[in-house]
Amino acid sequence: MNILLCEKICKTYSSGNNQVTALDGIDLTVSKGEFVAIVGASGSGKSTLLHILGSVDKPTSGTVIIDGTDLSKLSPTQAAIFRRRKVGFIDYFKQYNDRFGHISGDQCLRTFAGFMEKEVQNRSGSLIRYGGEEFLVFLFGQDAEEAEEIAEHMRRSVESGGYICDGPGNSPVTVSIGVYKECPSAETLFKEFITLADSALYEAKRCGRNCVKLKTSKLPQQT
């Protein structure tokens, strides 16, 4: 039984007047219970393919079906829910846990939370651990520029915290932060609000991590 099916996946990007091909007609099947490693030289398209398989990005053409779900038919909200329920990204924190153990990993998260709590304790806001190594920070009465500055200060605080991950060159542990700003109304849906913040987070990850990305526009209405 195939858990993953990719057919003729292509991805192109515009660079000025030129078209850059990142993926060109990729076919891939993975059976249930099978372990697969994607390897290749830097710039060969590994990350692009993984982003597409994880519904973080969409192919220019081609089909991706995971566990019977055609990713091309998902709305942005549905894709965000799909990622949380079906897709797991092994991030640098997984490497930290594997190297130093879960007790140290939990202490690392507690320290990170302390960094972030300092940023919200003197403001009208709240901090919530949303699952795994993800946190939600709600700030009220802040404009987009102020929220972005607070998020950037959080990022720098974590980066300078002295934790080391078992990654390339034993890099410091860092965080990626997505910021979404909206003036809520009675019609504001909490699920959509989280989805928009989630999309800003994944934009930060696509841009190399250890950065802050701001999103202020709403998702297009689905018809």
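Everything below is about the structure printed above this text.
Small disclaimer: the values here were computed from a predicted structure and weren't measured.

Peer 1: Kindly report on the overall build of the chain, identifying the contributing residues and their values.
Peer 2: For the chain, the count of helices and strands is six helices and eight strands. Listing the helices and strands of the chain from first to last along the sequence gives β-β-α-β-β-α-α-α-β-β-α-β-α-β. The burial tally for the chain puts 33% of its 223 residues in the buried class. Pairs at least 24 apart in sequence give 55% of the contacts found in the chain among residues at least 6 apart. For the chain, the exposed area adds up to about 13,600 Å²; of that, 50% sits on carbon and sulfur atoms.

Peer 1: Which residues make up the nonpolar core, and what are the values?
Peer 2: Phe112, Ala151, Met154, Ile177, Val179 and Val212 are the most contacted members of the largest nonpolar core, which has 16 residues in total. Broken down by secondary-structure element, the contributors of at least two residues to this core are helix H4 (102-120), helix H5 (144-159) and strand E7 (177-180). If you tally residues by element for this core, the top one is H4, at six residues. Among residues more than four places away in sequence, those in contact with alanine 151 are Ile177, Val179 and Val212. Ranked by size, the runner-up nonpolar core spans 14 residues in total, among them Cys6, Val64, Leu74 and Phe82.

Peer 1: Summarise the side chain of lysine 11; cite the residues concerned and give the values.
Peer 2: Looking at the element boundaries, lysine 11 is found in strand E1 (residues 2-15). Accessibility expressed as a relative area gives 10% for lysine 11, which makes it buried. A polar contact is formed between the side chain of lysine 11 and the backbone oxygen of lysine 58, at a distance of 2.7 Å.

Peer 1: Account for a negative patch on the surface, naming residues and giving values.
Peer 2: Together, Asp143, Glu145, Glu146, Glu148 and Glu149 make up a region of like negative charge exposed at the surface. Structurally, glutamate 149 is set in helix H5. A relative accessible area of 49% means that glutamate 149 is categorised as partly exposed.

Criteria and thresholds
Residues numbered from 1 in each chain as written. Predicted model: local features only at pLDDT ≥ 70, side-chain atom pairs only at ≥ 80, totals over all residues. Heavy atoms only, no water. Helix = DSSP H or I, 4+ residues; strand = E, 2+ residues; numbered from the N terminus. Buried < 20%, exposed > 50% of the residue type's maximum accessible area, 1.4 Å probe, protein only. Contact = heavy atoms within 4.5 Å. Areas by Shrake-Rupley, 256 points an atom, 1.4 Å probe, with all protein chains shown as cover. Core = buried A, V, L, I, M, F, W, Y, C linked by side-chain atoms within 4.5 Å. Polar contact = N/O pair within 3.5 Å; in protein donor to acceptor, adjacent residues only side chain to side chain. Patch = residues over 30% accessible without salt bridge, like charges linked within 9 Å, V, L, I, M, F, W, Y side chains within 5 Å. Salt bridge = Lys/Arg side-chain N within 4 Å of Asp/Glu carboxyl O. Lys, Arg positive; Asp, Glu negative; His and termini not counted. Charge placed at Lys NZ, Arg CZ, Asp CG, Glu CD.

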